[in-house]
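# Structural characterization, general
Here are the chains, one letter per residue:
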2 protein chains.
Amino acid sequence: MITYDVNQKRVGKVCKKLREYLDWTQNSVFEGEITTGTLNKCLAELHKIINVEEDSIYLYRVSNPRNIKKDIIGVEKSPFDIFL
Amino acid sequence: MITYDVNQKRVGKVCKKLREYLDWTQNSVFEGEITTGTLNKCLAELHKIINVEEDSIYLYRVSNPRNIKKDIIGVEKSPFDIFL
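Residues numbered from 1 in each chain as written. Chains lettered and ligands numbered in written order. Predicted model: local features only at pLDDT ≥ 70, side-chain atom pairs only at ≥ 80, totals over all residues. Heavy atoms only, no water.

Under the local residue numbering, the UniProt record ascribes the feature "binding site: Mg(2+)" (unreviewed entry) to D5(A). Mapped onto the secondary structure, D5(A) falls in strand 1 (residues 2–5). Sequence-distant contacts of D5(A), defined by excluding residues within four places in its chain, comprise D55(A), S56(A), Q26(B), N27(B) and K77(B). (UniProt positions renumbered as here; feature names shortened; annotations may be inferred. Helix = DSSP H or I, 4+ residues; strand = E, 2+ residues; numbered from the N terminus. Contact = heavy atoms within 4.5 Å.)

Have a look at this one:
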């Protein structure tokens, strides 16, 4: 799971990059199952986009998906909503 | 960990409520250690604030904090930054 808080100028690029590797969940939150190798590739690419002195990327890793429980209160935002 | 995506009109109230129970991390992300009882109280209160047909609250629960690893790339946003 990755959440980001980056300068408006770079939101589009960061979002596009994350979409290549993970599923968009909500606002600035992405999640998905990913191998360590692919994750490292994703992070290396993000590094090239962000300004590490201004932006931040938060990475939450759970090795076994059974160790995290997700509940949604209210509406579930579908990744397709943004195209409507 | 809780992330929210609510109508602009209710962001302030939701944020204020979450701040009573959890620590603000970044953007619309809050996290913290909380008992099931306190969490339920927090969720019941959020229910009164949000419009369940329009807003969404995503709740991620990890029973053992050791099961989740957090890494920050770039700057760590301090909860005090917003007061500067």
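Helix packing for two helices is described by the angle between their axes and how far apart those axes are. Residue and element names in this part refer to chain B. Relative orientation of the contacting elements helix 1 (residues 8–21) and helix 2 (residues 36–49) amounts to 170°, with a least axis distance of 10 Å. As judged from the angle between their axes, helix 1 and helix 2 are roughly antiparallel. Contacts between helix 1 and helix 2 involve R10, K13, V14, K17, L18, E20 and Y21 on the former and, on the latter, T38, K41, C42, E45, L46 and I49. Looking at the contact of helix 1 with helix 2 residue by residue, the classes come out as six nonpolar, one polar and six charged. (Axes fitted to C-alpha atoms, helices over the stretch in contact; angles between N-to-C directions. Parallel < 35°, antiparallel > 145°, perpendicular 65-115°, else oblique. Nonpolar A, V, L, I, M, F, W, Y, C, P; charged D, E, K, R; others polar.)

We now examine the interface of chain B and chain A. Tallying the contact residues gives 36 residues for chain B and 36 residues for chain A. Where chain B abuts chain A, roughly 3,300 Å² becomes buried across the two surfaces, and 50% of that area is made up of carbon and sulfur atoms. When the buried area of chain B at its contact with chain A is split by residue, Y58(B), Y60(B) and I73(B) rank highest and sum to 22% of it. The tally of links from chain B across to chain A stands at two salt bridges. For D71(A), the salt bridge goes to R61(B), with nearest N and O atoms at 2.6 Å. Where chain B meets chain A, there are 24 residue pairs in polar contact (both at pLDDT 80 or more). Going through the elements one at a time, strand 1 (2–5), strand 2 (23–26), strand 3 (29–31), helix 2, strand 4 (56–61) and strand 5 (69–74) of chain B are the ones with two or more residues in the side of chain B that touches chain A. (Buried area = accessible area lost by both parts, 1.4 Å probe. Salt bridge = Lys/Arg side-chain N within 4 Å of Asp/Glu carboxyl O. Polar contact = N/O pair within 3.5 Å; in protein donor to acceptor, adjacent residues only side chain to side chain.)

The phi angle of most residues is negative, glycine excepted, and most peptide bonds adopt the trans form. All names here are of chain A. The phi dihedral of N27 falls on the positive side, at around 40°, and the residue is not glycine. Tracing the sequence through the fold places N27 in the loop between strand 2 (23–26) and strand 3 (29–31). Here N27 falls in the partly exposed class, since its relative accessible area comes to 32%. (Buried < 20%, exposed > 50% of the residue type's maximum accessible area, 1.4 Å probe, protein only.)

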